Amino acid sequence: DTNVDDIFSRVQAGDLDSSIADQPPKPVLQQYLTDSAKKPFLHSNSGDRTWYVTMNWATPPFDDLHVRKAANWVMDKAGILQAWGGSTFGDIATHNIPPIVLGGKLPASEYNPYPSEGNRGDEAKAKEEMKQSKYDTNKDGVCDAKECSNLVMINRNTPVFADSEAVVVSSLQKIGIKVKPRELASSAAYTTIQTVKNLI
């Protein structure tokens, strides 16, 4: 059964006792997070992995280190986590190695090159970084070269990825980077972004 809504309806009806890899639909998740009788039955496994936004260094404007740093500074990581389902489903990453893999030896509190208030991004620091880029022609902290518009962003077409898409788009817009999201099935999405010449 690939219909997640159907799976969770059957679990709630008592027809299934299931452990599945998909995140519950938002209304079901809300019930399990707020109902004290249901809360003990919601278990989340971090999977010892890190999800991230890919920037192809061969694709302008991301071929510029200052643009990549600006994108990291401006990203609303708390917004992405909230769209993902909140802290039940993970923590905000500050590096690409999940802390659990290192036994907590490199916690986010000790290594965080892009800290911001509430993990909501720091637009001022992002713009200071962008001013140093060749793609900010008038040095106002906004990417204004033609390379900053109509960029294709490939995303997976599953609910949690699609739900976080708007946060990424709006974060990048603050520094003048305009992306057009395209959603693909997981395998096609990864094949597309891993082919560097696609300039995604």
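See the structure printed just above.
Residues numbered from 1 in each chain as written. Predicted model: local features only at pLDDT ≥ 70, side-chain atom pairs only at ≥ 80, totals over all residues. Heavy atoms only, no water.

Asks: Sorry, what's going on with helix α6 (residues 159–173) here?
Replies: Owing to its 3.6 residues per turn, the α-helix brings residues three or four apart onto one side. In this model α6 runs 22 Å from its N-terminal to its C-terminal C-alpha over 15 residues, within 8% of the 21 Å that 1.5 Å per residue would give. The sharpest bend along α6 reaches about 30° and sits at Glu-165. Along α6, the positions that sit buried rather than exposed are Val-160, Phe-161, Ser-164, Glu-165, Val-167, Val-168, Val-169, Ser-171 and Leu-172. (Helix = DSSP H or I, 4+ residues; strand = E, 2+ residues; numbered from the N terminus. Expected span 1.5 Å × (residues − 1). Bend = angle between axes of the 7 residues up to and from the residue. Buried < 20%, exposed > 50% of the residue type's maximum accessible area, 1.4 Å probe, protein only.)

Asks: Would you mind going over the environment of Cys-148 with me for this structure?
Replies: Note on placement: Cys-148 falls in the loop between α5 (123–130) and β1 (151–156). For Cys-148, a relative accessible area of 0% gives the class buried. Linking Cys-148 and Tyr-135, residues 13 residues apart in sequence, is a C-alpha distance of 7.5 Å. Contacts of Cys-148, omitting those with residues within four sequence positions, involve Pro-61, Tyr-135, Cys-143, Gly-176, Ile-177 and Lys-178. (Contact = heavy atoms within 4.5 Å.)

Asks: What is the right way to look at the packing of helix α3 (residues 65–74) against α5 in this model?
Replies: To characterise two packed helices, one gives the angle between the axes of the helices and the distance between these axes. Orientation of α3 relative to α5, taken along the N-to-C sense of each, is 175°, at an axis distance of 8 Å. Taken together, the axes of α3 and α5 are roughly antiparallel relative to one another. For the pair α3 and α5, contact is made by His-66, Val-67, Lys-69, Ala-70, Trp-73 and Val-74 and by Glu-123, Lys-125, Ala-126, Glu-129 and Met-130, respectively. Residues of the contact of α3 with α5, tallied by class, amount to 6 nonpolar, 1 polar and 4 charged. (Axes fitted to C-alpha atoms, helices over the stretch in contact; angles between N-to-C directions. Parallel < 35°, antiparallel > 145°, perpendicular 65-115°, else oblique. Nonpolar A, V, L, I, M, F, W, Y, C, P; charged D, E, K, R; others polar.)

Asks: Explain the packing of aromatic side chains to me, please; I cannot follow it from the model alone.
Replies: A ring pair, where both rings are aromatic, is described by two values, the distance of the centres and the angle of the planes. Inspection of the entire model under this criterion finds 4 aromatic pairs. Between Trp-51 and Phe-161, the aromatic rings sit 5.0 Å apart at their centres with planes inclined by 90°, giving edge-to-face as the arrangement. In this pair, Trp-51 sits in the loop between α2 (26–34) and α3 while Phe-161 sits in helix α6, placing the two residues 110 residues apart along the sequence. Judged by its relative accessible area of 11%, Phe-161 is buried. Consider the rings of Trp-73 and Tyr-114, whose centres lie 5.2 Å apart with planes at 85°: the pair is edge-to-face. Placement of the pair is Trp-73 in helix α3 and Tyr-114 in the loop between α4 (77–84) and α5, with a sequence separation of 41 residues. The class of Trp-73 is buried, set by a relative accessible area of 12%. One aromatic cluster is present, formed by Trp-51, Trp-84 and Phe-161 through successive ring pairs. Lys-38 extends its terminal NZ or CZ atom over the ring of Tyr-32, reaching a point 5.6 Å from the ring centre. Stacked on the ring of Trp-57, the Lys or Arg Arg-68 has its end atom at 4.0 Å from the ring centre. (Phe/Tyr/Trp six-rings, centres within 6.5 Å; stacked < 30°, edge-to-face > 60°. Lys NZ or Arg CZ within 6 Å of the ring centre and 35° of its normal.)

Asks: Where do I start with the pattern of salt bridges in this structure?
Replies: Tallied over the full model, the rule gives 4 salt bridges. Residues Asp-76 and Arg-120 are paired through a salt bridge, measuring 3.2 Å at the closest nitrogen-oxygen approach. Of this pair, Asp-76 sits in the loop between α3 and α4 while Arg-120 is found in the loop between α4 and α5, placing the two residues 44 residues apart along the sequence. The partner of Glu-147 in a salt bridge is Lys-146, and the shortest N-O contact between them spans 3.3 Å. Given the relative accessible area of 26%, Glu-147 is considered partly exposed. Classification of Lys-146 by relative accessible area gives exposed; the value is 69%. (Salt bridge = Lys/Arg side-chain N within 4 Å of Asp/Glu carboxyl O.)

Just geometry here; none of it tells us what the structure is for.
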